[in-house]
Amino acid sequence: MLLELRDYIKEQRSVSLERLAKHFHTPALVIEDMLKHWEHKSVITKHNPKRCNKSCSGCNVQTSTIYCYSLYTLHE
């Protein structure tokens, strides 16, 4: 499944953790743990774009996490 994750992110260029979880029918925390392998090898990069900077605790951190294939950068 590691190779499938890498290939899917490469194909999509950038994809949210939520979308990966839905696509692979796997909990987001499991996907996140698996992607640490590719992050460590610098194949993908993890981004946590745009947070509201409010102290309401209403933001879901998992849905704001984006993974990018290393040859492409996320333009924020």
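Bear in mind the structure is a predicted one, so any value in this text is a computation, not a measurement.

Peer 1: Before we go on, may I ask you to explain the packing of aromatic side chains in this structure?
Peer 2: The description of an aromatic ring pair uses the distance of the two centres, along with the angle that the planes make with each other. In total, this model carries one aromatic pair according to the counting rule given. For the pair Y8 and F24, a centre-to-centre distance of 5.7 Å together with 85 degrees between the ring planes defines the contact as edge-to-face. On the criterion of sequence distance, the pair formed by Y8 in helix α1 (residues 2-12) and F24 in helix α2 (residues 17-24) is long-range, its members being 16 residues apart. Since its relative accessible area comes to 11%, Y8 is described here as buried.

Peer 1: It is not clear to me how the pattern of salt bridges should be interpreted in this structure. Could you clarify?
Peer 2: When the charged atoms of two side chains lie near each other, side chains of opposite charge can form a pair. Counted under the stated rule, the structure contains three salt bridges. For K46, the salt bridge is made with E32, and the minimal N-O distance between the two is 2.9 Å. In this pair, K46 sits in strand β2 (residues 44-47) while E32 sits in helix α3 (residues 28-40), placing the two residues 14 residues apart along the sequence.

Peer 1: Is there a simple way to explain the packing of α2 against α3 in this structure?
Peer 2: At a minimum axis separation of 9 Å, α2 and α3 run at an interaxial angle of 105 degrees. In terms of axis orientation, α2 runs roughly perpendicular to α3. Contacts between α2 and α3 pair L17, L20, A21 and F24 from the former with A28, I31, E32 and L35 from the latter. Within the contact of α2 with α3, the residues separate by chemical class into seven nonpolar, no polar and one charged.

Peer 1: Looking at this structure, how should I read α1?
Peer 2: Residue pairs spaced three or four apart in an α-helix point in one direction, given the helix's 3.6 residues per turn. Within α1, burial applies to L5, Y8 and I9. For α1, the arc enclosing every buried residue in end-on projection is 95 degrees, short of the 170-degree limit, so these residues lie on one face. The positive-phi residue at the C-terminal boundary of α1 is R13, with phi of around 70 degrees.

Peer 1: Can you help me understand α2 in this one?
Peer 2: Regarding α2, the residues found buried are L17, L20, A21 and F24. Take α2 and look down its axis: the buried residues cluster within an arc of 100 degrees, on one side only. Within two residues after α2, H25 carries a phi angle of roughly 50 degrees, on the positive side.

Peer 1: Honestly, unusual backbone geometry in this entry has me stumped. Any pointers?
Peer 2: A positive phi angle, close to 70 degrees, is found at R13, a residue other than glycine. On the secondary structure map, R13 appears in the loop between α1 and β1 (14-16). Residue R13 is classed as partly exposed on the basis of its relative accessible area, which comes to 47%. Within the chain, S42 stands out as a residue other than glycine whose phi angle is a positive 60 degrees. You can see S42 is positioned in the loop between α3 and β2. Assessed through its relative accessible area of 52%, S42 is described here as exposed.

Rules of the game
- Numbering of residues begins from 1 in every chain and follows the order in which that chain's sequence is written.
- Residues qualify for local features only when their pLDDT is at least 70, as the model is predicted, and side-chain atom pairs are given and counted only at 80 or more; totals for whole chains, interfaces and linings, by contrast, use all residues.
- Side-chain numbers come from the whole structure's heavy atoms, not from hydrogens or water.
- For Phe, Tyr and Trp, where Trp contributes only its six-membered ring, two rings pair if their centres lie within 6.5 Å, and the inter-plane angle classes them as stacked under 30 degrees, edge-to-face over 60, or tilted in between.
- Helix and strand assignments follow DSSP, with helices taken as H or I runs no shorter than four residues and strands as E runs no shorter than two, numbered in order from the N terminus.
- We call a residue buried when its accessible area falls under 20% of the maximum for its residue type, exposed when it is over 50%, and partly exposed in between, using a 1.4 Å probe and counting protein chains only.
- Every case where a carboxyl oxygen of Asp or Glu lies within 4 Å of a side-chain nitrogen of Lys or Arg is listed as a salt bridge.
- Angles shown run from 0 to 180 degrees and are taken between the N-to-C directions of axes, each axis being a line fitted to C-alpha atoms and, for helices, limited to the stretch in contact.
- Here the word oblique covers every angle except those under 35 degrees (roughly parallel), over 145 (roughly antiparallel) and from 65 to 115 (roughly perpendicular).
- Residue contacts are counted whenever heavy atoms from the two residues lie within 4.5 Å of one another.
- In this count, Pro and Cys sit with the nonpolar residues alongside Ala, Val, Leu, Ile, Met, Phe, Trp and Tyr, while Asp, Glu, Lys and Arg are called charged and the others, Gly among them, polar.
- Here the arc refers to the set of directions running from the helix axis out to each C-beta atom.

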